[in-house]
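A structural walkthrough
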Amino acid sequence: MSENVNEGCGEKKKENVEELKNLFKIPSGITGFDDISKGGVPNGRTTLVSGTSGSGKTVFAAQFLYKGIMEQRMNGIFVTFEERPIDIMSNMKSFGWNIKQLVDEKKWAFVDASPDESDEIKVGQYDLNGLLARMEHVIKSVNAKRVVIDSVSALFSRYEDAAIIRRELFRIGAKLKEWGITAIMTAERPVDDGPIARFGIEEFVSDNVILLHNRHVNRGYRERTIEILKFRGASHFMNETPLIIGNVGMEIFPQQKSDLSGKGFLTKISTGISGLDDMLHGGLYDNSTTLLTGTSGTGKTVCMLHYIITGAKNGEKCILIEFEESAEQLYRNAKSFGWNLKEYVDEGDVKLVCRYPDELTPQEYLKMIKDLILEFGGAQRVGFDSLSALERIYEPNEFRKYVIGLNSFLKIQNCTSIITNTTNELLGMSQLTSTHLSTISDNIIVLKYVELCGQMKRLVSVLKERGSDHKKELIEFNITKNGVEILKPLIGFEGLMGSSARKIGIHFDEKESEREFLQQIEHAES
Amino acid sequence: MQQRKGCQDEACNKVVYYWPDCNSQRAIENLKKILDEPSLDGKYALEIIDFLEHPHLADEGKNIATPVLIKKLPPPLNKIIGDLNNKEKVLLGLDVVELNEESIK
């Protein structure tokens, strides 16, 4: 009993420490950023956001202010050295942010230091006390807790004396700290892999540095990523994380959640193919990810249709994302097996998305899928047909990152998903996938062709089913007018998974499983 | 040195925005000496504004650097930033003198 009490205290203490830690960071307002930064932006400090032109610095900064006002009730000021306030307001309107209204409500204020037409001549010593006076005045007038300075690089190019500007910015940083302001300062990098920023800016705001990237990855694709270079005295994720700037602002997609959440497996759901359910000892676990791999023509899309149609019949929410066939083609194919897919789609039970793989970037696909699932209010069944279509377009590493991100999102949303993958070899099988997807999938089902007695036969095998027993046999199946029909195990052959199958000389009852057969041999030996 | 005609015809309106510190003190002292220049002939109006007391006035001209001497008349508007330690440059900025390379050096 007393032990329990002690334990309870310990937990409470832990919580307090945790709380204290969190006090050092405040929500950034940028979706996903608080995950990679483990809490948000360092509170009461200045963070440098640096990136090349077009990497999203101003959006990051404006979103930080906007969401701060809308979600945290922390007013903010925007000091602009580049764009005019009116341009910023109209640009940000495309994200649905009504900054004008916030300005009218005295929650958001600008310090307009954008260049004007008048000439400036420098004669002797000067400083930026004018800026500081204006900032102080505006901060007081809206009771600001957040400040954005965009961008300091422009300041350097306007006043050539970098030493003076560095000194002045350092003073401004110190003042902001004194006032307890959390600030974002943006800076421009000349090249993506070069120094953090021009003019040695990182020297005076070196505590916290975030880098934004917008770079070419492959065949004309650009990818946006964000990277936390350092948060002094605080932990954060190290990797570059994909981000997109969409119609609601900036969103960041952490590849891995800090914990592998997801409800865990409780119940099983049917694949829609009774024979396959038997092989899986009752079906697929809820909230699992299944990799369905096989050569082209082995029946992956038919299996997928079984899965989706069964879900729709049970009144479950289903999403099918198709990269290889058009909607009309799919409707026709489904019809040939007696399923009215179109009806389910029209009634809204099934969401069908048919896209060319190279229409969007991986991040945009991730976002599309995420939005789709959230709009749909969750989904029980999700199908991707096929991921290999994407693999052709993206580089292996990038592709892998994308799939891991997708998988973790599906787990969090409690979706049960099937992902199809096309292998190259017609007969043999040297690897399941070319991108090591097998480790992230809970279940692996292989469909393949085998040449037997002068015939091409299809066979199916369950290679892996996490948390459950499953049949180990290689089982023949056919595609009939009713869809996939699982036949008998192909026993009495070996080399079925390779490229040359042959009959082995032992005859036994075909109804017995292979395991029993092996037990018999063992028994005979002993 | 040549005088600009406009400056003789109408009162030159100059504004100094400052922050009460050394740079600004020096700028005012320097400016007063410069304005004693015979070529100006006393035809000017000078207004000195403290940024700390009137920060909103700084907003109007988008000023950030201090001290700043603003020449409003005759147009165009010119801004001269700094403690005004070079008389020739200041007079040039005020459009009182024509460009003379040697004097700038």
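Procedures and definitions
- Residues numbered from 1 in each chain as written.
- Chains lettered and ligands numbered in written order.
- Predicted model: local features only at pLDDT ≥ 70, side-chain atom pairs only at ≥ 80, totals over all residues.
- Heavy atoms only, no water.
- Helix = DSSP H or I, 4+ residues; strand = E, 2+ residues; numbered from the N terminus.
- Buried < 20%, exposed > 50% of the residue type's maximum accessible area, 1.4 Å probe, protein only.
- Contact = heavy atoms within 4.5 Å.
- Areas by Shrake-Rupley, 256 points an atom, 1.4 Å probe, with all protein chains shown as cover.
- Pairing = 2+ DSSP bridges.
- Axes fitted to C-alpha atoms, helices over the stretch in contact; angles between N-to-C directions.
- Arc of directions from axis to C-beta.
- Phe/Tyr/Trp six-rings, centres within 6.5 Å; stacked < 30°, edge-to-face > 60°.
- Buried area = accessible area lost by both parts, 1.4 Å probe.
- Salt bridge = Lys/Arg side-chain N within 4 Å of Asp/Glu carboxyl O.
- Nonpolar A, V, L, I, M, F, W, Y, C, P; charged D, E, K, R; others polar.
- Core = buried A, V, L, I, M, F, W, Y, C linked by side-chain atoms within 4.5 Å.
- Polar contact = N/O pair within 3.5 Å; in protein donor to acceptor, adjacent residues only side chain to side chain.

**Remarks on the overall build of chain B**
A count of helical and extended segments in chain B gives five helices and four strands. Counted from the first residue to the last, chain B has its helices and strands arranged as α-β-α-β-α-β-β-α-α. Counting only residues that meet the buried cut, chain B has 49% of its 105 residues in that class. Taking contacts inside chain B between residues at least 6 apart in sequence as the whole, the part at least 24 apart equals 63%. Accessible surface, chain B: about 5,400 Å² in total, of which carbon and sulfur atoms supply 48%.

**Description of the sheet that holds strand β15 (residues 289–295) of chain A**
All names here are of chain A. In space, the nine strands of this open sheet follow the order β17-β16-β18-β19-β15-β20-β21-β22-β23, with mixed pairing throughout. The outermost strands of the open sheet, each flanked by one partner alone, are β17 (350–354) and β23 (483–489). Averaged over neighbouring strand pairs, the angle between their axes works out to 25° when direction is ignored. Bridging between β15 and strand β19 (residues 416–423) involves seven bridges; their strand directions are parallel. When the bridges of β19 are listed, L291 appears paired with I419. Along the sheet, helix α10 (residues 300–313) contacts β15, β16 (318–322), β17, β18 (381–385), β19, β20 (443–452), β22 (475–480) and β23; its crossing angle with β18, the most-contacted strand, is approximately 160°.

**Brief notes about helix α4 (residues 85–93) of chain A**
Residues and elements named next belong to chain A. When we look at burial in α4, the residues that qualify are P85, I88, M89 and M92. Down the axis of α4, the buried side of the element spans an arc of 100°, and every buried residue falls inside it. Exposed residues on α4 whose side chains face more than 90 degrees from its buried face are I86 and K93. In the core, the buried residues of α4 are packed alongside α3 (57–72), β4 (76–80), α5 (99–104) and β5 (108–112).

**Points about the packing of aromatic side chains**
Residues and elements named next belong to chain A. Throughout the structure, instances matching the rule amount to nine aromatic pairs over all chains. For the ring pair F78 and W108, a centre distance of 6.0 Å and an interplane angle of 10° mean the geometry is stacked. Taken together, the residues span a long stretch of sequence, with F78 in strand β4 and W108 in strand β5 at a distance of 30 residues. Accessibility classification places F78 together with W108 in one group, the buried group. Note on F78 and F110: the rings are 5.7 Å apart at their centroids and 55° apart in plane angle, and the pair reads as tilted. Taken together, the residues F78 in strand β4 and F110 in strand β5 connect sequence positions 32 residues apart. An identical accessibility class is assigned to F78 and F110; each is buried.

**Regarding the environment of M92 of chain A**
Residues and elements named next belong to chain A. Relative to the assigned elements, M92 resides in helix α4. Along the primary structure M92 and Q63 are separated by 29 residues, whereas in three dimensions their C-alpha atoms are 8.8 Å apart. Beyond its immediate chain neighbours, meaning those up to four positions away, M92 contacts T58, V59, A62, W97 and I99.

**Some remarks on the interface of chain A and chain B**
Accessible area lost upon the coming together of the parts is a frequently used measure of interface size. Taken residue by residue, the interface counts 27 residues in chain A and 30 residues in chain B. Overall, the association of chain A and chain B removes approximately 2,300 Å² of surface from exposure, summing both partners, and the carbon and sulfur fraction of that is 56%. At the boundary of chain A with chain B, the tally comes to one salt bridge. Residue composition of the side of chain A that touches chain B, by class: eleven nonpolar, seven polar and nine charged. Taken together, the four bridges between strand β6 (residues 119–122) of chain A and strand β4 (residues 78–81) of chain B define a ladder with parallel strand orientation. Opposite E120 of chain A, over in β4 of chain B, you have K79 of chain B as the bridge partner.

**Some points on the nonpolar core**
I77, F81, L131, M135, V147, I149 and L176 of chain A are the most contacted members of the largest nonpolar core, which has 42 residues in total. Ignoring sequence-local partners within four residues, the contact set of L176 of chain A consists of T46, M135, I139, V147, I149, I181 and A183 of chain A.

**Examining the environment of S141 of chain A**
Residues and elements named next belong to chain A. Position of S141 among the secondary structure elements: in helix α6 (residues 129–142). S141 sits in the partly exposed class, given a relative accessible area of 40%. Sequence separation between S141 and K107 is 34 residues, and the spatial gap between their C-alpha atoms is 9.3 Å. A polar contact is formed between the side chain of S141 and the backbone oxygen of V138, at a distance of 2.9 Å.

**Remarks on the environment of F477 of chain A**
Residues and elements named next belong to chain A. Position of F477 relative to the elements: it lies in strand β22. Among the residues examined, F477 registers a relative accessible area of 1% and is labelled buried. Distance from F477 to K448, taken between C-alpha atoms, is 9.9 Å for residues 29 residues apart in sequence. Residues contacting F477, with those up to four places away along its chain left out, are T298, L447, R458, L459, V460, V484, E485, I486 and L487.

**What to know about the pattern of salt bridges**
This structure, assessed with the given rule, holds 20 salt bridges over all chains. When the shortest N-O distance is used, the salt bridge between R26 of chain B and D83 of chain B registers 3.0 Å. Here R26 of chain B, found in helix α2 (residues 22–35), pairs with D83 of chain B, found in the loop between β4 and α4 (87–93); they are 57 residues apart in sequence, far enough to count as distant. You can call D83 of chain B buried: its relative accessible area is 4%. Linked by salt bridges that have partners in common, R167, E168 and R171 of chain A make up one network.

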